[in-house]
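One letter stands for each residue in the lines below.
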Amino acid sequence: MQIYGALLLLPAAVLLGTFAYLPTVATLINSFFLPGFRGAPPEFVGLENYAMLVEDRTFWRVARNNLIYALGTIPTSIALALGMALFVNARLPGRGFVRMAYFTPTILPMIAAANIWMFFYAPQIGLFNKLLGALGLSGVNWLGDPSVALTSVIVMTVWKEAGFFMIFYLAALQSIPPELKEASDLEGTSRWSFFWRVTFPLLMPTTLFVLINALINAVRVVDHLFILTKGGPNNATNLLLYYVYENAFSFFDRTYAATITVVILLVLAVVATLKFTVIDRRTHYQ
């Protein structure tokens, strides 16, 4: 029986080891080397790459950008997703059409979505500047001004992700027993009290799941930066994974890119440990 169980787990274990654990170990090993040039073998330098990372001002700016990006996208996406789910879960005309409208941005490829928003943000012919001009206001260089470029990327991401997270909240709302609402109505409980005392606590496991997904999405942003800003202007929208890409494939410094990747993995490991040891227990009321 144990052999049978091990054979069932073997394909998944092979895939996980090949595409997750082995690349992680290889990345960790590469972070202790400097790249070899002109056919020379890589040179072992120990923690020198990490020391260089600590002194890298661009890295700290990119990390700060990513923190602002996460703080801007995660709470906003979750709040909008919950609000939209509550709205489309109610009895309203055309509910199916509204659900489809909310979910449509999710099914668009990120590259396609970025191209749509590139048209919205274009300085001369963009939709947003046309609307501002109609109101008698001067246009904004949405992606070229360092003071608003990151905010512009955040707005596009929230638009793209909120509908996806709404689906999970909608499924969770529909799984809440209707007897709870009937009992609250008999007690004369207001809708606001019922939401905060019954609905929202029952949605906490879903909120945790959505939160983890939103955090992962905030760290792995690459694709729409290619279309919108390429990390500019002056690294104002450069984020961690895009910075890894730049070092690996633009600057050909793959060992330094591996060092940044190891730091990102360590931060995510700390978050995962906190999630499994503290947040899970409080969320599932164990």
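Residues numbered from 1 in each chain as written. Predicted model: local features only at pLDDT ≥ 70, side-chain atom pairs only at ≥ 80, totals over all residues. Heavy atoms only, no water.

## Some details on the overall build of the chain
Short version of the rule: Only DSSP runs of H or I with at least four residues qualify as helices, and only runs of E with at least two residues qualify as strands; both kinds are numbered from the N terminus onward. Each residue is placed in one exposure class: buried if its accessible area under a 1.4 Å probe, protein chains only, is under 20% of its type's maximum, exposed if it is over 50%, and partly exposed if it falls in between. Should any heavy atoms of two residues lie within 4.5 Å, those residues are counted as being in contact. Using a 1.4 Å probe, accessible areas were evaluated by the Shrake-Rupley method; residue-level cover was limited to the displayed protein chains.
Of regular secondary structure, the chain possesses 13 helices and two strands. Seen through its C-alpha atoms, the chain measures out along the principal axes to roughly 80 × 75 × 30 Å. The burial tally for the chain puts 36% of its 286 residues in the buried class. The contacts in the chain between residues at least 6 apart in sequence include a share of 65% that link residues at least 24 apart. Of the roughly 17,300 Å² of accessible surface on the chain, a fraction of 70% belongs to carbon and sulfur atoms.

## Considering the packing of aromatic side chains
Note the following rule: Two rings belonging to Phe, Tyr or Trp (six-membered ring only in the last case) form a pair when the distance between their centres is within 6.5 Å. Interplanar angles under 30 degrees mark stacking, angles over 60 mark edge-to-face geometry, and anything in between is tilted.
Under the definition given, this model contains 24 aromatic pairs. On the numbers, 6.0 Å between centres and 45 degrees between planes, the contact of Phe-32 with Tyr-50 is tilted. On the criterion of sequence distance, the pair formed by Phe-32 in the loop between helix H1 (2–30) and strand E1 (33–34) and Tyr-50 in helix H2 (residues 48–54) is long-range, its members being 18 residues apart. For Phe-32, a relative accessible area of 25% gives the class partly exposed. Classification of Tyr-50 as buried rests on a relative accessible area of 17%.

## A few points about the UniProt feature "domain: ABC transmembrane type-1" (unreviewed entry) in the chain
We apply this condition: UniProt positions are given in the numbering used here, feature names are shortened, and annotations may be inferred rather than shown by experiment.
Under the feature "domain: ABC transmembrane type-1" (unreviewed entry), the UniProt entry names residues 63–275. End-to-end, the C-alpha atoms of residues 63–275 are 21 Å apart, and along that stretch the chain is 77% helix and 0% strand.

## Focus on the nonpolar core
To keep it simple, the criterion reads: The term nonpolar core refers to a set of buried residues drawn from Ala, Val, Leu, Ile, Met, Phe, Trp, Tyr and Cys, joined through side-chain atoms within 4.5 Å.
Tyr-69 and Tyr-169 are the most contacted members of the largest nonpolar core, which has 40 residues in total. Among the elements of the structure, helix H3 (57–89), helix H5 (110–121), helix H7 (149–174), helix H10 (204–219) and helix H11 (223–228) are those that each provide at least two residues to this core. When residues of this core are assigned to their parent elements, the largest contribution, twelve residues, is made by H7. Once you skip the residues sitting within four places of it in the chain, Tyr-169 turns out to touch Ile-78, Ala-81, Leu-82, Ala-85, Leu-203, Thr-206, Thr-207 and Val-210. Of all hydrophobic cores here, the second largest spans twelve residues; its members include Val-62, Ala-248, Ala-257 and Ile-264.

## Observations concerning the environment of Met-156
Take Met-156: it is sitting in helix H7. Overall, Met-156 belongs to the buried group, its relative accessible area being 0%. Counting along the chain gives 76 residues from Met-156 to Leu-80, while the straight-line C-alpha distance between them is 13 Å. Ignoring any residue separated from it by four or fewer positions in sequence, one finds Met-156 in contact with Met-110, Ala-113, Ala-114, Trp-117, Tyr-121, His-224 and Leu-228.

## A closer look at unusual backbone geometry
Geometrically, the link from Gly-232 to Pro-233 is a cis peptide bond, its omega value of -5 degrees lying close to zero. Looking at the element boundaries, Pro-233 is found in the loop between H11 and helix H12 (240–250). Residue Lys-230 is not a glycine yet carries a positive backbone phi of 55 degrees. Topologically, Lys-230 is positioned in the loop between H11 and H12. Of note in this structure, Asn-235 is not a glycine but carries a positive phi near 60 degrees.

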